[in-house]
Amino acid sequence: MNPRATAMQAFQNRFSQLPLYVARAPGRVNLLGEHVDYNDGFVLPAAIDRATCIAFSPSSTDRTTLVAADFGEAAQFTPGTLSSKTQPDGSPLPEWALYPAGTAWALGEAGLSSPAMLAAFSSDIPRGSGLSSSASIEMAFGVAWSKLGGWSRSPMQLALLGQKAENRYVGVNCGIMDQFASACGEAERLMLLDCRSLEYRSLPLPENTAIVVADTTVRRKLTSGEYNDRRAACEEAVRLLKRDLPDIQALRDVSVEDFNRLSHTLPVTVEKRARHIVEEIERTRQAIPMLEQGRTQEFGQLMNACHVSLRDLYEVSVPELDTMVQIAQPLPGCFGARLTGGGFGGCTVNLVASDQAGAFAQSLGPEYERRTGLHPEIYICQASQGAGLL
Ligand code: GLA
């Protein structure tokens, strides 16, 4: 069953009525610009055709009741209990409920109402796969509360509120990319976001190509601290580089030339992390004219270079991701392959000639399984519309 049907069914089972509304928010895949969003860089994600759907109605009580259809669990909260992350009976909110509760909390902080609702939700974005299942939950609930609360905000403002929920409530110090892509995505388009100015525009997908997502099935949670550590190393690099470059605000402001000149002033690990960022931001700058001019081959080379950098400098890959990329890159029709999202498991993104995408997927899956013993999920994905009511 698709997430919409699953959510509607779970709603009816639990509340014995039909939901009034359904909200949907997609996951995302990022083609280039990895870990640069919290360094004021540029990112190039697309919203995908996998999403979280919420079936919902206003509640007649002051209590929000949520059903996570995919877990067969329910949770409740009221605005008064949000800050302590407990349910009305005093038990802790389950982990999955932190995303909707955090969204309600962030809305409250912004003076926006999140009226009590009855809701059931379901997603076909694999959790912890680097495809932003959590951002999609935040954005879907943002849309749902905007409907029930009778207020409206731009998709970008909704994305910022979702990021705040994740940073301050859930406790992951993520950047803006995932919520942005889920809220602002456009069908058949790549989204180019300047994470400093928050200006964005869409670009065509490279002609005659398909985006193939390959899930290693290896999972690691971002809350494990590695993500926040990487972010701290970037901040440390800025602090140290300011000794010679007093005007910089973020690694975005450091040119590759300046970085090469000053890299010896940084501790080894900080230097590696910062080099990835400075060079990755440069790659995204180069990518824009390539995409506009249809230079797909060269764009694919940048994707490949990004993987090497994430593996060796930023050190967020795992052997299974490396294996998936290693098998993919030489396959016929493959322009570029790399890990996508935060890393430490999850998916790779592959840009493949459309007429060879089927054969590509058929070769990649079995070979990965042969080498790792893991059964991967591989699919050709469509760039889709951002969050909204259905
Ligand atoms: C996670 C975060 C994003 C971004 C990516 C890496 O998905 O949520 O903000 O930093 O990792 O590019």
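Everything discussed here concerns the structure shown above.
Overview of the structure. Per-chain numbering applies: the sequence of each chain, read as written, is numbered from 1 onward. Reporting in this predicted model follows two pLDDT cut-offs: at least 70 for local features of residues, and 80 or more for side-chain atom pairs to be given and counted; totals over whole chains, interfaces and linings ignore these cut-offs and use all residues. Just so you know, side-chain values use all the structure's heavy atoms and leave hydrogens and water out.

Re the pattern of salt bridges
- What counts as a salt bridge is simple: a side-chain nitrogen of Lys or Arg found within 4 Å of a carboxyl oxygen of Asp or Glu. A complete count under the given rule lists 21 salt bridges for this structure.
- Asp253 is the salt-bridge partner of Arg196, the closest N and O atoms lying 2.7 Å from each other. Highlighted residues: Arg196 in the loop between β7 (189–194) and β8 (200–204) and Asp253 in the loop between α6 (226–241) and α7 (256–262), separated in sequence by 57 residues.
- The salt bridge involving Glu292 is made with Arg201; its shortest N-O contact spans 3.0 Å. Here Arg201 lies in strand β8 and Glu292 lies in helix α8 (residues 268–292), a separation of 91 residues in the sequence.
- The network of salt bridges with shared partners includes Asp40, Arg196 and Asp253. In this text, helices come from DSSP runs of H or I with a minimum length of four residues, and strands from runs of E with a minimum of two, each type numbered from the N-terminal end.

Side note on the sheet that holds strand β6 (residues 117–123)
- What makes two strands pair is DSSP finding at least two bridges between them. Taken together, the six strands give an open sheet; going across it, the order is β5-β4-β6-β3-β1-β13, and neighbouring strands pair in mixed fashion. Across the chains shown, the open sheet's two edge strands, defined by having one partner strand only, are β5 (73–77) and β13 (388–389).
- Bridging between strand β4 (residues 64–68) and β6 involves four bridges; their strand directions are parallel. Bridge assignment links Ala68 to a residue of β6, and that residue is Phe121.
- The strands touched by helix α5 (residues 177–184) within the sheet are β1 (21–30) and β3 (45–58), with β1 carrying the most contacts at an inclination of about 130°. Any two residues whose heavy atoms approach within 4.5 Å at even a single point are treated as in contact. Whenever a helix is involved, its axis is fitted only over the stretch in contact; in every case the axis is a line through C-alpha atoms, and angles between N-to-C directions fall within 0 to 180 degrees.

Structural notes on the site of the ligand
- Near is defined per residue: the residue qualifies when any heavy atom it owns lies within 4 Å of the molecule or strand. Contacts to the ligand come from 13 residues, most closely from Glu34, His35, Asp37, Asp178 and Tyr227.
- Within the backbone of His35, an N or O atom sits 2.6 Å from an oxygen atom of the ligand.
- In the analysis that follows, any N or O atom pair within 3.5 Å is treated as a polar contact, provided that within protein one partner can donate a hydrogen and the other can accept it, and provided that, for residues neighboring in sequence, both atoms belong to side chains. Within the side chain of Asp37, an N or O atom sits 2.5 Å from an oxygen atom of the ligand.
- Method for areas: the Shrake-Rupley scheme with a 1.4 Å probe, in which residue coverage is limited to the protein chains shown. Out of a free accessible area of 300 Å², the ligand has 97% covered by protein chains.
- Nonpolar residues are Ala, Val, Leu, Ile, Met, Phe, Trp, Tyr, Cys and Pro. Charged residues are Asp, Glu, Lys and Arg, and all others, Gly as well, are polar. Its residues assigned to classes, the shell around the ligand shows five nonpolar, four polar and four charged.

With respect to the side chain of Asn30
- On the secondary structure map, Asn30 appears in strand β1.
- Polar contacts involving the side chain of Asn30 include one to the side chain of Glu34, which spans 2.9 Å.
- The contact partners of Asn30, leaving out residues within four places of it in the chain, are Val43, Leu44, Pro45, Met177, Arg338, Thr340 and Val349.

Notes on the packing of aromatic side chains
- Any two of the Phe, Tyr and Trp rings considered here, Trp counted by its six-membered ring, make a pair once their centres fall within 6.5 Å; the pair's planes then place it as stacked at under 30 degrees, edge-to-face at over 60, or tilted in between. Tallied over the entire structure, the rule returns nine aromatic pairs.
- With a centroid separation of 5.8 Å and an interplanar angle of 55°, the aromatic rings of Trp96 and Phe121 are classed as tilted. Here Trp96 is found in the loop between β5 and α2 (98–109), whereas its partner Phe121 is found in strand β6, with 25 residues between them in sequence. Taken individually, Trp96 and Phe121 each receive the classification buried, so the pair is uniform in this respect.
- Between the aromatic rings of Phe180 and Tyr200, the centroid separation amounts to 5.1 Å while the plane-to-plane angle is 70°, which identifies the pairing as edge-to-face. Here Phe180, found in helix α5, pairs with Tyr200, found in strand β8; they are 20 residues apart in sequence, far enough to count as distant.
- Type-normalised accessible area, obtained with a 1.4 Å probe on protein chains alone, sets the label of each residue: buried when under 20%, exposed when over 50%, and partly exposed for intermediate values. Take Phe180: its relative accessible area is 0%, and that puts it in the buried class.

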